[in-house]
Amino acid sequence: MPLKIGVIGTGMIGEDHIRRLTQVLSGAEVVAVTDVDAARAKVVAARIGARQHESGEALIADANVEAVVIASWGRTHSAYVLAALDAEKPIFCEKPLATSVEDCLAIVKAEAALGRRLVQVGFMRRFDASYMAMQRLVAEGRIGAPLMFHSVHRNVSVPASYIPAMILDDTCVHDIDISRWLLADEVAAVTVKSARRNSKGRPDLADPTLVLLEMAQGGLVDIEISVQIGYGYDIRGEVVGETGTVTLATGQPVDLRSAGAVSGHVPEDWRERFIGAYDEEFRHWLTAAAAGGATGPSCWDGYAATLVTTAAARSRASGKTQAIALVQKPALYA
Ligand code: NAP
């Protein structure tokens, strides 16, 4: 029997996850959808034969919905996660888990009180083949102890709904999570600097931004965030160890050498670059959710990442380095 899923948010990624659940993966049936834009949800519901709900809360309460995918705007996530936890339904929540530390902690507390994991957070880079190979080599000690990680995150452009705070809490949150995962360490301090502003982009965005993470065991991470780079969606990474380095594959199948030049393809957006990772994270989620649980990136990971993005926002405002202290980790996430 396929798992009956309700999807909250039928925007760009909500639509893509619905395509994945209905056309790519097996074991899933999307039975309900909702979006604040009711007209958009109506079109999607009609196309896949799902029920349209007037709100996320109504969708979560639908007895026919066995598991919930939250793909709405980041600032709406926490209320839906808490409601779905209350209903004890498995949840896939797109990143960020929540945009405030308080909301993340409320979710961590609610899940820990249940005593079992129900939430997987959409940090899909952990399911990308190249990041996975990088993590494995680092964990095996193939480059000695990891000392530094250089991370580059460039987007072609951002939609009008993208507000300045999202540079840190919606975009950089991916790089923060992957840094914690690759280096198997927590962030102890963060410093943010804005570069000379990209004059081709929106005047309200401090773009590009440089974020420096000081890890608890002494490693350093530098993250470049450029959200209006124009030329393509470009994700790069290199871990520098004591005896070697590991560099992320750039994702293109071939280099073209012609007419005295080398050229290759740069992905258009995150859908193209991480298509395999999104499929894989959902395969894992479906298996765990069908068994009534969750796997992969947890609420604790969502909390740890948002703790850093909120400290990063303070650093950007004050110009000063911000120290970071996690609360005690509940045994559920050990
Ligand atoms: P989007 O296209 O703007 O979609 C967000 C959707 O949620 C829109 O349809 C929006 O409607 C709707 N929405 C807003 N408030 C809602 C509410 N209270 N209840 C139900 N629906 C609501 O944005 P997106 O790019 O798909 O991003 C959605 C989420 O996915 C964000 O958290 C984003 O960070 C995440 N995301 C993750 C990745 C990844 O790589 N893992 C990539 C892209 C996006 P309106 O347009 O009418 O406001």
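Residues numbered from 1 in each chain as written. Predicted model: local features only at pLDDT ≥ 70, side-chain atom pairs only at ≥ 80, totals over all residues. Heavy atoms only, no water.

Engineer: What is the right way to read the pattern of salt bridges from this model?
Structural biologist: Proximity of charged atoms lets side chains of opposite charge pair with each other. Counting across every chain of the model gives 23 salt bridges. A salt bridge links Arg154 to Glu224; its shortest N-O distance comes to 2.7 Å. With Arg154 in strand 7 (residues 146-154) and Glu224 in strand 10 (residues 220-226), this pair connects stretches of sequence that are 70 residues apart. Each member of the pair, Arg154 together with Glu224, is buried. (Salt bridge = Lys/Arg side-chain N within 4 Å of Asp/Glu carboxyl O. Helix = DSSP H or I, 4+ residues; strand = E, 2+ residues; numbered from the N terminus. Buried < 20%, exposed > 50% of the residue type's maximum accessible area, 1.4 Å probe, protein only.)

Engineer: Would you explain the nonpolar core in this entry?
Structural biologist: It is characteristic of soluble globular proteins that their nonpolar side chains tend to be buried jointly. Counting residues in each nonpolar core, the largest one holds 75 residues, and the members touching the most others are Val81, Leu97, Val119, Tyr131, Val190 and Leu213. Take this core: its biggest share by element is 10 residues, from helix 7 (residues 166-183). If we skip the residues at most four places from it in the chain, Leu97 touches His77, Ser78, Val81, Cys104, Ile107, Val119, Val121, Cys299, Gly302 and Tyr303. Within the second largest apolar cluster, 19 residues are counted, among which are Val7, Val30, Phe282 and Ala289. (Core = buried A, V, L, I, M, F, W, Y, C linked by side-chain atoms within 4.5 Å. Contact = heavy atoms within 4.5 Å.)

Engineer: Just checking my understanding: could you explain the pairing of strand 1 (residues 3-8) for this structure?
Structural biologist: Regular strands have side chains that alternate between both faces of the sheet. With 5 of its 6 residues buried, strand 1 lies for the most part within the structure. Summarising the sheet, strand 1 and strand 2 (residues 28-34) pair through 6 bridges and their orientation is parallel. Bridge pairing in strand 2 places Ile5 opposite Val30. Crossover handedness for the path strand 1 to helix 1 (residues 12-24) to strand 2: right-handed. As paired strands, strand 1 and strand 4 (residues 67-70) are joined by 4 bridges and run parallel to one another. Following the sheet pairing, Ile8 is matched in strand 4 by Ile70. (Pairing = 2+ DSSP bridges. Right-handed = clockwise from strand over helix to strand, strands pointing away.)

Engineer: Hey, could you run me through the layout of surface pockets in this one?
Structural biologist: Think of a ball as big as a water molecule: rolled over the atoms, this probe shows where empty space is left. Within this model, the largest pocket holds a volume of roughly 1,100 Å³. If you trace the largest pocket, you find 44 residues lining it, with Met12, Ile13, Pro159, Asp170 and Trp270 closest to the centre. When residues of the lining of the largest pocket are traced back to their parent elements, those giving at least two are helix 1, helix 4 (77-86), helix 7 and helix 8 (270-273). At 4 residues, the largest contribution of residues to the lining of the largest pocket is made by helix 7. (1 Å grid on protein atoms, 1.4 Å probe; cavity = no way out; pocket = protein on both sides within 12 Å on 5 of 7 lines; lining within 4 Å. Points joined across faces, edges and corners; volume = space filled by probe spheres on them.)

Engineer: How do you make sense of the packing of aromatic side chains when you look at a structure like this?
Structural biologist: Each aromatic ring pair is specified by the distance between its two centres and by the angle formed by the two planes. According to the stated counting rule, one finds 8 aromatic pairs in the structure shown. Ring centres of Phe282 and Trp285 lie 5.8 Å apart, and the angle between their planes is 80 degrees; on these two criteria the pair is classed as edge-to-face. Of the two residues, Phe282 and Trp285 are both situated in helix 9 (residues 275-290); the distance of 3 residues between them amounts to about one turn of the helix. As far as the burial class goes, Phe282 and Trp285 line up, both buried. With centroids separated by 6.4 Å and ring planes inclined at 25 degrees, the aromatic side chains of Trp300 and Tyr333 adopt a geometry described as stacked. Here the residue Trp300 occupies a position in helix 10 (residues 299-318), and Tyr333 occupies one in the segment after strand 15 (322-323), the gap between them amounting to 33 residues. (Phe/Tyr/Trp six-rings, centres within 6.5 Å; stacked < 30°, edge-to-face > 60°.)

Engineer: Help me out: how do you make sense of the environment of Leu25 in this one?
Structural biologist: Among the structural elements, Leu25 can be located in the loop between helix 1 and strand 2. Sequence spacing of Leu25 and Leu168 is 143 residues, and the spatial spacing of their C-alpha atoms is 32 Å. Those residues in contact with Leu25 that sit more than four places away from it in its chain are Arg20, Asp279, Phe282, Arg283 and Leu286.

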